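Listed here are the chains, written in short residue letters.
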Amino acid sequence: MLRAGIVGLPNVGKSTLFNAVVANAKAQAANFPFCTIEPNVGVVAVPDGRLQVLAELSSSADITPARVEFVDIAGLVQGASQGEGLGNQFLANIREVDAIVHVVRCFEDDDIIHVSGSIDPARDIEVINLELALADLAQLERRIERVRKLARADKEAQAELAVLEKFLPVLNDGKTARQVELDPEEEAMIKSLGLLTRKPVIYATNVSEDDLATGNAWVEQVKALAAAENAEVVVISAQVEAELVELSDAERQDFLESLGVDQGGLKTLIRATYDLLGLRTYFTTGPKETRAWTIKAGMVAPQAAGVIHTDFERGFIRAETVAYDALVTAGSMTTAKEKGQVRSEGKDYVVQEGDVMLFRFNV
């Protein structure tokens, strides 16, 4: 399961957004698995309209979506890399997540004090990125010191040292580790470091309800900064999402339409978080259950089967596979088979987004 950390300065709307994310997910998908593991950790369903379509085709009793785990991480203050505030806890929690949802305050509210006294998204982003970069630099320097001693007589250490040293000028220049290009072999060398500024990021611009449809100048500022590091921006109003929790489906739609939007930013944020790491979804469907399974891009059929159960991977024989669109057009698995659209795929088949699969395996 993808684990995303919600980060940001104090009073930018992190906890409000987190509460809205888990509460809305529960309210809008009551038949989906949902749980709150701890007060600051929640598991939510990934919105995917294909599930309902498949469930209707198969007359499924249950629907199980892909899931994302969100972690509400303690607010960061300047000096966190040196342990200020909850800095040590903040940094340790970020190292444990796969992706970062960086909440940026893009709204005025005299009743909510900004820690720096004014609204300035560029400054706020710089504060957090600087603290994360300083933490990365300290970690890299410690690792380089150890590896440099080994590199005198070890070719693998020499190769690792060369990769580690690529990050120093970039971080010292105020940029993020995400901006260093590595090949897969080099990436494997530094994976265990869990560099904070190498983690993929989505900037969630938290706006007032009046700006949800159009954004504002602060949102445009964030978009310009995000473009420089190839990051995505989602416009969301934590205030609106918190209000939606209390409404019925009809009231929710009327409220959103009054704001000039089809839906809040919540579904977009959850979906974008899921897509951030290049994950793929395949489906299994039948009378008992229609379910979305999460795999990494490039996984072959036996690996995808192993996501269900390791026995499926070990005893894999073949996968009966049909594309989602082909199955929906056919109207049933039986018709899809009659049209020759259900394929028998072997061990080398790379599973595609939206494949509907049935695995054959030896126990």
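Small disclaimer: the values here were computed from a predicted structure and weren't measured.

Reading the values: rules and limits
Residues numbered from 1 in each chain as written. Predicted model: local features only at pLDDT ≥ 70, side-chain atom pairs only at ≥ 80, totals over all residues. Heavy atoms only, no water. Helix = DSSP H or I, 4+ residues; strand = E, 2+ residues; numbered from the N terminus. Buried < 20%, exposed > 50% of the residue type's maximum accessible area, 1.4 Å probe, protein only. Areas by Shrake-Rupley, 256 points an atom, 1.4 Å probe, with all protein chains shown as cover. Phe/Tyr/Trp six-rings, centres within 6.5 Å; stacked < 30°, edge-to-face > 60°. Lys NZ or Arg CZ within 6 Å of the ring centre and 35° of its normal. Axes fitted to C-alpha atoms, helices over the stretch in contact; angles between N-to-C directions. Parallel < 35°, antiparallel > 145°, perpendicular 65-115°, else oblique. Contact = heavy atoms within 4.5 Å. Nonpolar A, V, L, I, M, F, W, Y, C, P; charged D, E, K, R; others polar.

(A) Focus on the overall build of the protein chain. Across its full length, the protein chain holds 14 helices and 13 strands. Judged by the C-alpha coordinates and their principal axes, the protein chain covers about 65 × 65 × 35 Å. Split into buried and exposed, the 363 residues of the protein chain put 48% on the buried side. For the protein chain, the accessible surface area stands at approximately 17600 Å², while carbon and sulfur atoms represent 48% of it.

(B) Spatial organisation of the packing of aromatic side chains. Inspection of every chain in the model, using the stated rule, returns 4 aromatic pairs. Taken together, a centroid distance of 6.3 Å and an interplanar angle of 45° make the contact between Phe283 and Tyr324 tilted. Highlighted residues: Phe283 in strand E9 (residues 279–285) and Tyr324 in helix H13 (residues 324–330), separated in sequence by 41 residues. Per residue, the accessibility class of Phe283 equals that of Tyr324, and both read buried. The ring of Tyr324 has Arg50 lying over it, and the distance from NZ or CZ to the ring centre is 6.0 Å. The ring centre of Phe107 lies 4.4 Å from the NZ or CZ of Arg105, which sits over that ring.

(C) The packing of helix H4 (residues 121–150) against helix H7 (residues 217–228), seen in detail. Axis separation between H4 and H7 bottoms out at 9 Å; the angle between their running directions is 40°. Looking at the two axes, H4 sits oblique to H7. On H7, the residues that touch Pro121, Ala122 and Ile125 of H4 are Trp218, Gln221, Val222 and Leu225. The class makeup of the residues in the contact of H4 with H7 is 6 nonpolar, 1 polar and no charged.

(D) Just unusual backbone geometry, in detail. Positive phi, close to 55°, is recorded for Ser59, a residue that is not glycine. Looking at the element boundaries, Ser59 is found in the loop between helix H2 (50–58) and strand E4 (62–64). Owing to a relative accessible area of 59%, Ser59 belongs among the exposed residues under this scheme. One non-glycine residue, Asn230, adopts positive backbone phi at about 55°. Along the chain, Asn230 turns up in the loop between H7 and strand E8 (232–236).

(E) Summary view of the environment of Met189. Here Met189 is to be found in helix H6 (residues 184–190). Along the primary structure Met189 and Ala157 are separated by 32 residues, whereas in three dimensions their C-alpha atoms are 9.8 Å apart. In contact with Met189, not counting residues within four places along its chain, are Ala159, Glu160 and Val163.

Remember that the coordinates give geometry; whether it matters functionally is a separate question.
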